[in-house]
Amino acid sequence: MKRKAFPILLCFLICLSLVGVGFAGWVITAPDTKSAEGQIVVEEVTENNYAIEPLASPWSDGKSSFNFVGPTTSSSKDGDWLTYSGLQAENLTVTYQFKVKRGTTYLTENNGVVTAKAVLGEKVNTAITNTYIKLVDGIDVNSLTVSVSGDVFSVTLTFAWGTKFGGNNPYNYYNAQTYSSTIKEDAITSLGALKELTGEKITITITAK
């Protein structure tokens, strides 16, 4: 407040001086020059940047991949004409967990500071178009929901089986139908299309600003 008061006061004094000249008549004034020293004040610069810090195990339940496969690693029962036996079981949800620090303080609420989006690979988009899989209703890849509990933030991305399989795992969908050569060929085509997703990337980008 003192710094602001000085220039206002200086302006006021100058105005009084000019008005005073008008009432003084002719006055010869000898020039005078004085020097005044001033200080240069430089404030310390402190960085207050955001930093995103993944947890030691950032993927919830250790699940870092989507597995569009059978319900379990060994899916079969009497009467099944389609079975599944693999190293991975179905997983349609991944959750990434992290902390956000500004300066030396960890955030405990979002207030729009942290945003997230996902970029789906071309083959994933093709599988969605062909209704093999879909994103769960309400998910917008351009604006993913960012949740926070305590000082831990999380972003979740969830898929579901598409209308091609009636919203069910292909294992359940096909075994609910009576075997025929037509159904068999349909299964071969559909499961082959899902196989194409192997190794495809989905990138989640988290921004704090």
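Keep in mind that what you see is a predicted model, and the values were worked out from it rather than measured. (Residues numbered from 1 in each chain as written. Predicted model: local features only at pLDDT ≥ 70, side-chain atom pairs only at ≥ 80, totals over all residues. Heavy atoms only, no water.)

Structural notes on the packing of aromatic side chains
Consideration 1: Scanning all chains against the criterion turns up 14 aromatic pairs.
Consideration 2: Judged by centre distance (5.8 Å) and plane angle (75 degrees), the ring pair of F68 and W161 falls under edge-to-face. Residue F68 is located in the loop between β1 (50-59) and β2 (74-75), and its partner W161 is located in strand β9 (residues 152-161); the two are separated by 93 residues in the primary sequence. Comparing F68 with W161, the two get one shared label, buried.
Consideration 3: An angle of 75 degrees between the planes, with centres 4.9 Å apart, marks the rings of Y173 and Y174 as edge-to-face.
Consideration 4: For Y173, a relative accessible area of 23% corresponds to the partly exposed category. (Phe/Tyr/Trp six-rings, centres within 6.5 Å; stacked < 30°, edge-to-face > 60°. Helix = DSSP H or I, 4+ residues; strand = E, 2+ residues; numbered from the N terminus. Buried < 20%, exposed > 50% of the residue type's maximum accessible area, 1.4 Å probe, protein only.)

A closer look at the environment of T95
Consideration 1: Locating T95 in the fold gives a position in strand β4 (residues 93-102).
Consideration 2: Exposure remark for T95: the relative accessible area of 14% places this residue in the buried category.
Consideration 3: The spacing of T95 and T158 is 63 residues in sequence and 8.6 Å in space, taken between C-alpha atoms.
Consideration 4: Setting aside its immediate chain neighbours within four residues, T95 contacts P58, W59, S60, S154, V155 and T156.
Consideration 5: Of note is the side chain of T95, whose polar atom sits 2.8 Å from the side chain of T156. (Contact = heavy atoms within 4.5 Å. Polar contact = N/O pair within 3.5 Å; in protein donor to acceptor, adjacent residues only side chain to side chain.)

Details of helix α4 (residues 181-195)
Consideration 1: Relative to the 21 Å expected for 15 residues at 1.5 Å per residue, α4 spans 21 Å between its end C-alpha atoms, a close match to the ideal helical length.
Consideration 2: Within the span of α4, buried status applies to I183, A187, S190 and L194. Mapping the buried residues of α4 onto a view down its axis gives an arc of 75 degrees, with all of them on the same face. Residues of α4 that are exposed and angled more than 90 degrees away from the buried face: S181, T182, I188, T189 and K195.
Consideration 3: Those residues of α4 hidden inside the fold are in contact with β7 (133-135), β9 and α3 (170-175). (Expected span 1.5 Å × (residues − 1). Arc of directions from axis to C-beta.)

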